[in-house]
Amino acid sequence: MSPCQDEVIEEIPVAMVFNGISHAVLLATPSDLEDLALGFSLSEGILHRRGELYDMESIASTQGIELRLEIASSRFAGLKERRRTLAGRTGCGLCGVESLDALARPITPVPAFAPIPLAAVPAGLAELPAWQRLRELTGAVHAAAWIGRDGHIRALREDVGRHNALDKLLGHLAREQCSLSDGFVLVSSRASYEMVQKVAMLGIGCLVAVSAPTALAVNLAADAGVTLAGFARGQRLVVYSHPAGLGVSSEATRHTP
């Protein structure tokens, strides 16, 4: 055995500060922070559209990074009314929710969309490793990818936290004004309740996970009109809700494209 150097992923506190008021602290990888701020704001329902974010400034200190966001006064008033404080962690998406009522944000069912070709899933999976630069270096990050109907990855974001990776991707999609009916989200992790909630908040109709979903995630996906699939490995996957979104007919069944 001989000594060698190793790359270790960064995980630092990132504070979301809206119009001068600190709202949430996430433990995140300090990359693509503009995407993280916008995606978090939209997927948490703080903003309704990209244009309600007027400005963002990143301020680094010895304790971490503050993302100072200037948002529309009407959205800031709504944020203050919610009075929700989060303490973000890499393994939990609901830390800091103050009550059970705060968990169930109303979500409009996603718009109808043409089925995604089932063969696009294994095609996207095959491209995933080549896009995961931080994972190759450190082995310690999650990825969220936007994959087109042809199975090619259009964008990918990485982070030590799976929810952060997804928010970074959602922020990118919103910033680039991508058509959200022309593809699907693939995540390299399990599919939690909050991840389904986040894609549904933006109107994305299909979420595919490399690992398993939770029962709560499946129930939310069914209510929100989201096609949810898990255990996407090679040529196989399990579809748990709205299988027509992937052009198949039976739920919670393994499918081979």
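Let me begin by describing the structure that accompanies this report. Here the structure is a predicted model, which means the values were calculated and not measured. (Residues numbered from 1 in each chain as written. Predicted model: local features only at pLDDT ≥ 70, side-chain atom pairs only at ≥ 80, totals over all residues. Heavy atoms only, no water.)

Take the overall build of the protein next. What the protein contains, in helices and strands, is eight helices and 12 strands. Of all 257 residues assigned to the protein, the portion counted as buried reaches 50%. Residue pairs at least 24 apart in sequence account for 51% of intrachain contacts in the protein once pairs closer than 6 positions are excluded. Accessible surface, the protein as shown: approximately 12,000 Å² in total, 51% of it carbon and sulfur. (Helix = DSSP H or I, 4+ residues; strand = E, 2+ residues; numbered from the N terminus. Buried < 20%, exposed > 50% of the residue type's maximum accessible area, 1.4 Å probe, protein only. Contact = heavy atoms within 4.5 Å. Areas by Shrake-Rupley, 256 points an atom, 1.4 Å probe, with all protein chains shown as cover.)

The next subject is the packing of helix H7 (residues 193-201) against helix H8 (residues 215-224). H8 packs onto H7 with a crossing angle of 20° between their chain directions and a minimal axis gap of 8 Å. One finds that H7 runs roughly parallel with respect to H8. As for the relative orientation of H7 and H8, their crossing is right-handed in sense. Between H7 and H8, the residues in contact are Tyr193, Val196, Gln197 and Ala200 and Leu216, Ala217, Leu220, Ala221 and Ala224, respectively. (Axes fitted to C-alpha atoms, helices over the stretch in contact; angles between N-to-C directions. Parallel < 35°, antiparallel > 145°, perpendicular 65-115°, else oblique. Left-handed = near helix turned anticlockwise from the far one by under 90°.)

Moving on to unusual backbone geometry. The backbone of Asn19 shows a phi angle near 50°, a positive value even though the residue is not glycine. Turning to its location among the elements, Asn19 is positioned in the loop between strand E1 (12-18) and strand E2 (21-28). The exposure class assigned to Asn19 is partly exposed, which follows from its relative accessible area of 23%. Located in the positive-phi region is His242, a residue other than glycine, with phi close to 45°.

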